[in-house]
Amino acid sequence: MGKVPILFRYPGGKFYALKLLSEFWNAVPHGEYREPFVGGGSVFFAKQKVETNWLNDLDEELITTYKNVKSPRSRKKLIASFKNEVANKERWREVFESETKDDYEVAKKYYYLNRTSFSGKLVSPAWGYREKRSLPPERWHERLGPCGEKLKDVKLTSLDFEKVIKAKSDKEVLLFVDPPYFKPKKKKHYRHGFTSEDHIRLASTLKLTKHKFFLTYEDCEEVRELYKWANIHEVKFFYRVDNSNIENGSRKMGFELIITNYEIPKTTLF
Ligand SMILES: C[S@@+](CC[C@H](N)C(=O)[O-])C[C@H]1O[C@@H](n2cnc3c(N)ncnc32)[C@H](O)[C@@H]1O
């Protein structure tokens, strides 16, 4: 896996676990790949594309931003406008309070706030750009360029996860499922909350699917109970405590479950 371009700063991003997760996506030949909860898309950007690729998230503004980064015309406009952009608290407030009149403006506002708000969080966002540590606007093209190219021909939707999991295909489908945590430690991270009923609905949808899936969750009793019919892999890895600075943040040990409905070959990674 070469250097992975990081488009967004996103709570719950899986950058720290990519090597481990690659064992799971490499274990299944597939002609179609889907992410029903794409968020920042760390796995999609790290993984080789296959014939058909489908990214989905209920957050419409996030998907509108992906669509504008995908479109060569809008991407060019975004890159040109960020070349002359500034990151300071006054400008942040101005952008935060600005009205948007079309999808391009939604994307431009979303991307600016994602890059300059604390941890990239857009629910009750706070100014969070750090001089010398955050990527300056004139360099945002380094992310928009390669990530936009990779999005070529990728299907982008803003639907509830059930539709994406249930959709049929004439190819072998692999799903990477990264739902919000069962017991989130912090207050609301995402615009669309996930209830206990949603977690139960996800488990029953996955139980019925003919597609292959790998699913990540925090390790807790409730999740183990919901997925006792599947293969549960316990994994531990280091993650950055401060995801606003992937390059230098301090590291903490984390425990998670990777749950699959297929076997994976023995690995030395966990
Ligand atoms: C844990 S994040 C995904 C993180 C991502 N895999 C990454 O690496 O950055 C979960 C995502 O689920 C989305 N979401 C919440 N409810 C949803 C639903 N019912 N259907 C689809 N997406 C939903 C949220 O908007 C959020 O982006």
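Look a little higher up for the structure.
The rules we used
- Residues numbered from 1 in each chain as written.
- Predicted model: local features only at pLDDT ≥ 70, side-chain atom pairs only at ≥ 80, totals over all residues.
- Heavy atoms only, no water.
- Helix = DSSP H or I, 4+ residues; strand = E, 2+ residues; numbered from the N terminus.
- Rg over C-alpha atoms; globule rule 2.2 N^0.38 Å.
- Buried < 20%, exposed > 50% of the residue type's maximum accessible area, 1.4 Å probe, protein only.
- Near = heavy atom within 4 Å.
- Polar contact = N/O pair within 3.5 Å; in protein donor to acceptor, adjacent residues only side chain to side chain.
- Areas by Shrake-Rupley, 256 points an atom, 1.4 Å probe, with all protein chains shown as cover.
- Expected span 1.5 Å × (residues − 1).
- Arc of directions from axis to C-beta.
- Contact = heavy atoms within 4.5 Å.
- Axes fitted to C-alpha atoms, helices over the stretch in contact; angles between N-to-C directions.
- Parallel < 35°, antiparallel > 145°, perpendicular 65-115°, else oblique.
- Left-handed = near helix turned anticlockwise from the far one by under 90°.
- Nonpolar A, V, L, I, M, F, W, Y, C, P; charged D, E, K, R; others polar.
- Salt bridge = Lys/Arg side-chain N within 4 Å of Asp/Glu carboxyl O.

With that settled, consider the overall build of the protein chain. Tallying secondary structure elements over the protein chain gives 10 helices and seven strands in all. In terms of overall size, the protein chain behaves like a compact globule, its C-alpha atoms giving a radius of gyration of 18 Å where 270 residues would be expected to give roughly 18 Å. By principal-axis analysis of the C-alpha atoms, the protein chain measures approximately 55 × 40 × 35 Å. For the protein chain, buried positions account for 50% of its 270 residues.

On to the site of the ligand, then. In the region of the ligand, 24 residues are neighbours, and Y10, S42, D57, D160 and D178 sit closest. In this structure, G40 approaches the ligand through a main-chain N or O atom, which is 3.0 Å from an oxygen atom. Within the side chain of D178, an N or O atom sits 2.5 Å from a nitrogen atom of the ligand. Notes on the ligand: free accessible area 610 Å², of which the protein chains cover 98%.

Right, let's get into helix 9 (residues 196-208). Taking 1.5 Å of rise per residue, 13 residues should cover 18 Å, and helix 9 covers 19 Å from first to last C-alpha, within 8% of that figure. Restricting attention to buried positions, one finds in helix 9 the residues D198, H199, L202, A203, T205 and L206. With its buried residues spanning 165° around the axis, helix 9 presents them on a single face. Every exposed residue of helix 9 that faces more than 90 degrees away from the buried side is listed here: E197, K207 and L208. Against the buried residues of helix 9 lie helix 8 (161-166), strand 4 (173-177), strand 5 (212-218) and helix 10 (221-226).

What follows concerns the packing of helix 5 (residues 89-97) against helix 6 (residues 103-116). Closest axis-to-axis distance for the helix 5/helix 6 pair is 10 Å, and the angle between their directions is 140°. Relative to helix 6, the element helix 5 lies oblique. The interaxial crossing formed by helix 5 with helix 6 has left-handed handedness. Residues R91, W92, V95 and F96 of helix 5 form the contact with helix 6, whose own contacting residues are K109, Y112, L113 and T116.

Between two packed helices, the angle of one axis relative to the other and the distance separating the axes together describe the packing. Contact pair helix 4 (residues 72-83) / helix 7 (residues 141-150): the axes reach a minimum separation of 10 Å and the direction vectors enclose 175°. One way to sum up the angle between helix 4 and helix 7 is to call them roughly antiparallel. Here R75, L78, I79, F82 and K83 of helix 4 lie close against helix 7, whose contacting residues are H141, L144, G145, G148 and E149. Its residues placed into classes, the contact of helix 4 with helix 7 shows four nonpolar, three polar and three charged.

Glancing now at the pattern of salt bridges. This structure, assessed with the given rule, holds 16 salt bridges. Salt-bridge contacts for E85 lead to R91; the nearest nitrogen and oxygen are separated by 2.8 Å. For E85, a relative accessible area of 11% corresponds to the buried category. Here R91 falls in the partly exposed class, since its relative accessible area comes to 23%. Across the salt bridge formed by E97 and R93, the nearest N and O atoms sit 3.2 Å from each other. One end of the pair, E97, and the other, R93, are both in helix 5, four residues apart, so they sit about a helical turn from each other. Its relative accessible area of 41% is what places R93 among the partly exposed residues.

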